[in-house]
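If you want the building blocks of each chain, they are given just below.
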Amino acid sequence: MTSGLGNSQLDLVTGAFSYSGQAIAEQLLARGHGVRTLTAHAPGADASGIEVADYRFDDPVELAQSFEGVHTFYNTYWVRFAHGRSSHEVAVANSMMLFEAAARAGVQRIVHVSITHPSIESPLPYFSGKAKVERALAGSGVPFSIVRPAILFGGNDVLLNNIAWLLRNLPVFAIGGSGDYRIRGIHVDDLARLVIAQDDESRSDSVIDGVGPDRPTFTELVLAVRAATKSKCRVIHVPLQAIPPASRVLGRFLRDVLLTRDELMAMAQGLADTDGPSTGSISVLQWLDHHGDQLGLDYANELERHFAAPSGLVSTTV
Ligand SMILES: NC(=O)c1ccc[n+]([C@@H]2O[C@H](COP(=O)([O-])OP(=O)(O)OC[C@H]3O[C@@H](n4cnc5c(N)ncnc54)[C@H](OP(=O)(O)O)[C@@H]3O)[C@@H](O)[C@H]2O)c1
């Protein structure tokens with residue numbers, strides 16, 4: 001197998017046509033690296049110069065072949081919530097397969113995107129699953145760096161975009177509880193820069209939070225989106241437990257999962273915030289001021305993005 005990339009470093013980025021993987025792939029290509037991706041959602045005609053392969057979780061040998069010739073593996077693979085045959089347990093098992101495949105193929109370094117505050121003891125499967133994946137990575141034998149973002153914004157984002165969409169389209173927006181829990185987002189381009197900076201052979205294994213300079217409370221964030229989109233929507237506070245059923249009803253209309261109970265609990269418990277220094281430079285509040293006119297014009301549907309049958313899939317065997 002050849003990469004066709006001359007002497008440039010070949011890296012593998014999961015999800016190069018999705019969200020954070022796209023930002024990482026674009027920055028790697030701009031630095032002259034070759035990029036291979038694993039994805040279930042490749043565009044029909046790929047003019048980006050990215051090599052494309054399927055996630056072959058059904059075949060460890062094929063999966064390992066996807067990593068042949070790869071210097072650094074940037075792992076963004078994860079599932080946001082359980083749905084259909086996808087679950088956090090499946091995502092943990094698949095993540096372990098990715099690390100084993102990378103190790104088997106002789107990958108030099110794994111840079112893994114995790115989440116702030118992962119914990120094996122967490123009652124939230126997202127957070128306990130992420131901790132299991134981090135533990136598996138540490139045991140993989142491959143030098144590694146872990147970057148832990150709380151929430152991403154910018155680009156093709158779902159969370160802020162859909163808050164904006166709701167504020168543009170509903171007469172009332174309900175915040176669960178006091179809304180005084182803090183949200184420390186990082187711009188997706190800052191995350192990509194931070195992630196790529198971890199590809200440094202002189203570094204020992206490391207863990208770093210991926211967090212921006214601002215820590216608005218959830219209420220402050222919603223009000224900033226409201227101002228940026230010039231929405232006239234009323235913002236009210238309701239008991240925390242009223243949000244999951246309201247979100248389910250809205251989700252039925254939108255044919256999506258807007259916000260899971262676990263995601264709400266994680267935010268309300270402060271898991272989307274950290275005390276440490278900022279590792280990103282873009283201020284979410286300033287970014288909103290400049291991008292409010294474009295934010296939330298269309299609804300970003302997570303089920304369509306990740307759970308609908310892939311269309312126009314082109315798989316290139318690498
Ligand atoms: N987005 C955030 O606000 C946020 C916040 C904190 C932490 N993180 C972490 O950052 C990492 C990347 O997140 P992201 O939002 O950038 O993810 P993403 O681009 O939407 O997806 C990343 C990769 O996972 C695959 N994937 C996602 N959902 C899947 C599903 N249900 N079934 C099968 N494959 C699925 C995607 O497949 P395709 O290539 O086929 O699309 C893609 O390759 C994750 O580890 C996440 O936990 C994200």
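Look above for the structure.
Within every chain, residues take consecutive numbers counted from 1 along the sequence as written. Totals for whole chains, interfaces and linings use every residue, but because this is a predicted model, local features are given only for residues with pLDDT of at least 70 and side-chain atom pairs only at 80 or more, for both listing and counting. Computation of side-chain values covers all heavy atoms of the structure but excludes hydrogens and water.

Chemist: Go over the overall build of the protein chain, please, and point to the residues and values.
Modeler: Helix and strand labels come from DSSP, where a helix needs a run of H or I of at least four residues and a strand needs a run of E of at least two; each type is numbered from the N terminus. For the protein chain, the helix and strand inventory stands at 11 helices and 11 strands. Between the two quantities, the radius of gyration covers C-alpha atoms and the globule rule is 2.2 Å times the number of residues to the power 0.38. In terms of overall dimensions, the protein chain is globule-like: its C-alpha atoms have a radius of gyration of 19 Å, near the 20 Å expected for 318 residues. Considering only C-alpha atoms, the protein chain reaches an extent of 60 × 40 × 35 Å along its principal axes. Taking all 318 residues of the protein chain together, 51% fall into the buried category. Any pair of residues with heavy atoms lying within 4.5 Å of one another is described as a contacting pair. Residue pairs at least 24 apart in sequence account for 79% of intrachain contacts in the protein chain once pairs closer than 6 positions are excluded. Calculation of accessible area relied on Shrake-Rupley with a 1.4 Å probe; when residues are assessed, cover is drawn exclusively from the protein chains displayed. Just so you have it, the protein chain exposes about 14,400 Å², and 52% of that area is on carbon and sulfur atoms. Between buried and exposed lies partly exposed: a residue is buried under 20% and exposed over 50% of the maximum accessible area for its type, with that area taken using a 1.4 Å probe on protein chains only.

Chemist: Any details on the site of the ligand? Residues and values, ideally.
Modeler: For the ligand, the set of nearby residues contains 26 residues, the closest of which are Ser18, Ser20, Tyr55, Tyr126 and Lys130. Polar contacts here mean pairs of N or O atoms no more than 3.5 Å apart (in protein, one a potential hydrogen donor and the other a potential acceptor; neighbouring residues in sequence count only if both atoms are side-chain atoms). Tyrosine 126 is positioned such that a nitrogen or oxygen atom in its side chain is 2.5 Å from an oxygen atom of the ligand. About the coverage of the ligand: the protein hides 87% of its 880 Å² of free accessible area. Of all the secondary structure elements, the ones that give two or more residues to the shell around the ligand are α4 (125-138) and β7 (151-153). Put simply, a residue is near a molecule or strand once any heavy atom of it comes within 4 Å of that molecule or strand.

Chemist: Summarise the pattern of salt bridges; cite the residues concerned and give the values.
Modeler: For this analysis, a salt bridge means a side-chain nitrogen from Lys or Arg found within 4 Å of a carboxyl oxygen belonging to Asp or Glu. Tallied over the full model, the rule gives 12 salt bridges. Note that aspartate 275 is salt-bridged to arginine 215, the shortest N-O span being 3.3 Å. Taken together, the residues aspartate 275 in the loop between α9 (261-268) and α10 (284-291) and arginine 215 in the loop between β10 (206-210) and α7 (218-228) connect sequence positions 60 residues apart. Within this structure, Arg56, Asp58, Asp59 and Glu62 form a network of salt bridges that share partners.

Chemist: Break down the sheet that holds β10 for me, citing the residues and quoting the values.
Modeler: Spatially, β3-β2-β1-β4-β5-β6-β10 is the arrangement adopted by the seven strands of the open sheet, whose pairing is parallel. Whereas interior strands pair on both sides, the edge strands pair on one side only; in this sheet they are β3 (51-53) and β10. Across the sheet, the mean angle separating the axes of adjacent strands is 20 degrees when strand polarity is ignored. For helices, the axis comes from a line fit to the C-alpha atoms of the stretch in contact; other axes are also lines fit to C-alpha atoms, and the angle between any two N-to-C directions lies between 0 and 180 degrees. Sheet strands in contact with helix α3 (residues 88-104) are β2 (34-38), β4 (72-75) and β5 (109-113), and its direction is about 175 degrees off that of β4. One requirement defines pairing of two strands: DSSP has to find at least two bridges between them.

Chemist: Can you explain the packing of helix α1 (residues 20-30) against helix α6 (residues 188-197)? Please cite residues and give values.
Modeler: With their axes 9 Å apart at the nearest point, α1 and α6 run at an angle of 60 degrees to one another. Considering their axes alone, α1 and α6 lie oblique with respect to each other. Considering the relative orientation of α1 and α6, their crossing is right-handed. Contact with α1, carried on its side by Ser20, Ala23, Ile24, Gln27 and Leu28, involves Val188, Asp189, Leu191, Ala192, Arg193, Val195 and Ile196 of α6 and no other residues of that element. In this classification, the charged set is Asp, Glu, Lys and Arg, the nonpolar set is Ala, Val, Leu, Ile, Met, Phe, Trp, Tyr, Cys and Pro, and all remaining amino acids, among them Gly, are polar. Its residues assigned to classes, the contact of α1 with α6 comprises eight nonpolar, two polar and two charged. Roughly parallel here means an angle under 35 degrees, roughly antiparallel means over 145, roughly perpendicular means 65 to 115, and every remaining angle is called oblique. Crossing handedness: left-handed means the near helix sits turned counterclockwise from the far one by under a right angle, and right-handed means the same turn made clockwise.

Chemist: A description of α4 should follow, citing residues and the corresponding values.
Modeler: Multiplying 1.5 Å by the helix residue count minus one yields the expected span of that helix. When the terminal C-alpha atoms of α4 are compared, their 20 Å separation across 14 residues agrees well with the 20 Å that a helix rising 1.5 Å per residue should span. Among all positions of α4, only Tyr126, Phe127, Ser128, Gly129, Lys130, Ala131, Val133, Glu134 and Leu137 are buried.

Chemist: Describe the side chain of aspartate 157, with residues and values.
Modeler: With respect to the secondary-structure elements, aspartate 157 resides in the loop between β7 and α5 (159-169). Charge assignment in this entry is limited to Lys and Arg as positive and Asp and Glu as negative, and neither His nor the chain termini are counted. Comment: no salt bridge for buried aspartate 157; closest opposite-charge side chain is arginine 305, at 7.3 Å. Among the polar contacts listed, one links the side chain of aspartate 157 to the backbone nitrogen of leucine 159, at a separation of 3.0 Å. For aspartate 157, the residues in contact, after removing those within four places along its chain, are Tyr19, Leu152, Leu295, Ala300 and Arg305.

Chemist: I'd like a description of the nonpolar core, backed by residues and values.
Modeler: The set of buried Ala, Val, Leu, Ile, Met, Phe, Trp, Tyr and Cys residues whose side-chain atoms join them within 4.5 Å is what this entry labels a nonpolar core. Counting residues in each nonpolar core, the largest one holds 33 residues, and the members touching the most others are Phe67, Phe73, Leu98 and Ile110. The set of elements that each furnish at least two residues to this core consists of β1 (10-14), α2 (60-65), α3, α4 and β6 (144-149). The leading source of residues in this core is α3, at seven residues. Among residues more than four places away in sequence, those in contact with phenylalanine 67 are Leu12, Arg36, Leu38, Phe73, Leu98, Ala101, Ala102, Ala105 and Val107.

Chemist: Break down the environment of valine 79 for me, with residues and values.
Modeler: If you trace the backbone, valine 79 turns up in the loop between β4 and α3. Given a relative accessible area of 12%, valine 79 falls into the buried group.

Chemist: I'd like a description of the side chain of serine 20, backed by residues and values.
Modeler: One can find serine 20 in helix α1. Not counting chain neighbours up to four residues away, the residues in contact with serine 20 comprise Thr76, Leu152, Val188 and Leu191.

Chemist: I'd like to hear about α9, residue by residue, with values.
Modeler: Turning to α9, its buried residues number three or more, namely Glu263, Leu264, Ala266 and Met267. Angularly, the buried residues of α9 cover 160 degrees about the axis, an arc narrow enough to put them on a single face. Looking one or two residues past α9, glycine 270 carries a phi angle of roughly 85 degrees, positive in sign. Within this analysis, the arc is defined by the directions that extend from the helix axis to the C-beta atoms.

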